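# A closer look at the structure
If you want the building blocks of each chain, they are given just below.
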Amino acid sequence: MRTTRTRPRTRTLARRVAVVAASATAALVLAACGGDGGDSHTAGGHGSASSSPTSAGAHNAQDVSFAQGMIPHHRQALEMAGLAADQASSAEVKDLAARVEKAQDPEIETMTGWLKAWGEDVPSGTEMPGMDHSGGAGMPGMMGGKDMAELEKASGTAFDTLFLTMMVEHHEGAVEMATAEKKKGAYGPATAMADDIVTAQTAEIAEMKKLLGTS
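Residues take numbers from 1 onward in each chain, read along the sequence in its written order. Confidence filtering applies because this is a predicted model: local features only for residues at pLDDT of at least 70, side-chain atom pairs given and counted only at 80 or more, and all residues used for totals across whole chains, interfaces and linings. Only heavy atoms go into the side-chain values, all of them from the structure, while hydrogens and water stay out.

This part takes up the overall build of the chain. When its secondary structure is counted, the chain shows six helices and zero strands. Along the chain direction, N to C, the helices and strands of the chain fall in the order α-α-α-α-α-α. Counting all 215 residues of the chain, 33% fall into the buried class. The helix and strand labels rest on DSSP assignments: H or I over at least four residues marks a helix, E over at least two residues marks a strand, and numbering proceeds from the N terminus. Buried means the residue's accessible area, taken with a 1.4 Å probe over protein chains only, is under 20% of the maximum for its type, while exposed means over 50%, and partly exposed covers the values in between.

Given below as structure tokens:
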């Protein structure tokens with residue numbers, strides 16, 4: 001009778017040992033998988049940082065010049081657009097001005113971030129770093145102080161005509177600057193923004209010329 005009872009116990013013990021061994025093996029496999037998952041998550045984290053200025057690609061002097069020039073250029077466009085809400089008489093002009101503000105304000109923030117990340121000077125107001133106070137000299141399409149003063153005093157249909165005339169010239173200058181960035185820039189996000197500027201502002205130039213009756 002004792003021999004009969006011992007065999008089942010032996011078998012039961014053997015089964016338990018096998019189960020424990022299998023469990024230990026499974027735990028080791030899971031731990032290894034967990035380690036791999038951790039590494040994958042970390043890699044994903046590094047990948048997500050690729051959109052930052054330091055990892056999105058190298059930049060060159062043209063990229064710096066583009067950002068330092070386009071920021072004050074955009075700021076002046078925003079000044080002009082800001083006047084339209086109260087002084088324009090045309091709904092089309094007001095709509096165009098609103099679209100200029102919506103597009104260019106975020107671009108100013110983006111370019112400011114690039115310059116800070118690159119350790120470069122961020123323009124103050126509507127002037128490039130190192131520029132004299134001659135009212136935007138050196139940047140295509142920039143309006144002088146007299147032009148801005150005239151626009152500020154205008155209202156109604158006279159404002160509409162002056163605004164459109166000035167903004168066409170301003171946009172043409174921006175397209176010229178963006179085209180140079182597309183050709184000579186090295187920083188991917190900057191050349192992509194330049195391409196967007198060329199596309200959007202070329203379309204707006206055509207729209208404004210149509211409103212002026214000059215297209």
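Now for the confidence of the model for the chain. The quantity called pLDDT is the predictor's confidence in a given residue, expressed from 0 to 100. On average, residues of the chain score 80 in pLDDT, and 68% of them reach the 70 mark or higher. Across residues 1-51 the pLDDT falls below 50, and counting only partners more than four positions away or on other chains, this stretch makes three contacts in the model. Residues are treated as being in contact if the distance between any of their heavy atoms lies within 4.5 Å.

Glancing now at the packing of helix 2 (residues 61-87) against helix 5 (residues 156-184). Where helix 2 contacts helix 5, the two axes come as close as 10 Å, and the packing angle between them is 165 degrees. Of the possible angle classes, the one that applies to helix 2 and helix 5 is roughly antiparallel. The element helix 2 and its partner helix 5 pack so that their crossing is left-handed. Only the stretch in contact is used when a helix axis is fitted, and all axes are lines through C-alpha atoms; the angle between N-to-C directions ranges over 0 to 180 degrees. Each angle receives one of four descriptions, namely roughly parallel if under 35 degrees, roughly antiparallel if over 145, roughly perpendicular if within 65 to 115, and oblique otherwise. Helix crossings fall into two classes, left-handed where the near helix is turned counterclockwise from the far one by less than a right angle and right-handed where it is turned clockwise.

This part takes up the nonpolar core. Take the buried residues of types Ala, Val, Leu, Ile, Met, Phe, Trp, Tyr and Cys, join any two whose side-chain atoms come within 4.5 Å, and each joined set is a nonpolar core. Core analysis: the biggest nonpolar cluster contains 46 residues, and Phe66 and Phe163 have the highest contact counts within it. Listed by contribution, the elements that provide at least two residues to this core are helix 2, helix 3 (91-118), helix 4 (145-153), helix 5 and helix 6 (188-212). Among all residues touching Phe66, those that are not within four sequence positions of it are Met111, Trp114, Met177, Ala178, Glu181, Ala190, Met193, Ala194 and Ile197.

As a further point, take the pattern of salt bridges. For this analysis, a salt bridge means a side-chain nitrogen from Lys or Arg found within 4 Å of a carboxyl oxygen belonging to Asp or Glu. What the rule picks out here adds up to four salt bridges. When the shortest N-O distance is used, the salt bridge between Arg99 and Asp95 registers 3.0 Å. Residue Arg99 and its partner Asp95 are located together in helix 3, separated by four residues, close to a single helical turn. Across the pair Lys209 and Glu172 runs a salt bridge, and its minimum N-O distance is 3.7 Å. A residue pair is termed long-range when its members are at least 10 positions apart, and Lys209 in helix 6 and Glu172 in helix 5 qualify at 37 residues. With relative accessibility at 30%, the residue Lys209 sits in the partly exposed group. Among the charged side chains, a salt-bridge network with shared partners connects Asp95, Arg99 and Glu207.

Another aspect to go through is the environment of Ser90. Here Ser90 shows up in the loop between helix 2 and helix 3. Residue classification places Ser90 among the buried residues on the basis of a relative accessible area of 17%. With 66 residues separating them in the primary sequence, Ser90 and Gly156 have C-alpha atoms 7.8 Å apart.

This part is about the packing of helix 2 against helix 4. For the pair helix 2 and helix 4, the least separation of the axes is 10 Å and the interaxial angle reads 15 degrees. With respect to each other, helix 2 and helix 4 are oriented roughly parallel. In this structure, the crossing between helix 2 and helix 4 has a hand that is left-handed. Counted together, Gln76, Glu79, Met80, Leu83 and Gln87 of helix 2 and Met148, Leu151 and Glu152 of helix 4 form the full contact between these two elements. Each residue gets one label: Ala, Val, Leu, Ile, Met, Phe, Trp, Tyr, Cys and Pro are nonpolar, Asp, Glu, Lys and Arg are charged, and the others, such as Gly, are polar. Grouping the constituent residues of the contact of helix 2 with helix 4 by class yields four nonpolar, two polar and two charged.

Think of it this way: a Phe, Tyr or Trp ring, Trp meaning its six-membered ring, pairs with another when their centres are within 6.5 Å, and the plane angle makes it stacked under 30 degrees, edge-to-face over 60, tilted otherwise. Overall, the coordinates contain four aromatic pairs when judged by the stated rule. Aromatic side chains Trp114 and Trp118 sit 6.2 Å apart centroid to centroid with 25 degrees between the ring planes, which places their arrangement in the stacked category. One end of the pair is Trp114 and the other is Trp118, both in helix 3 and four residues apart, which spans about a single turn. When sorted by exposure, Trp114 lands in the same class as Trp118, which is buried. On the numbers, 5.5 Å between centres and 85 degrees between planes, the contact of Trp114 with Tyr187 is edge-to-face. Taken together, the residues Trp114 in helix 3 and Tyr187 in the loop between helix 5 and helix 6 connect sequence positions 73 residues apart. Per residue, the accessibility class of Trp114 equals that of Tyr187, and both read buried.

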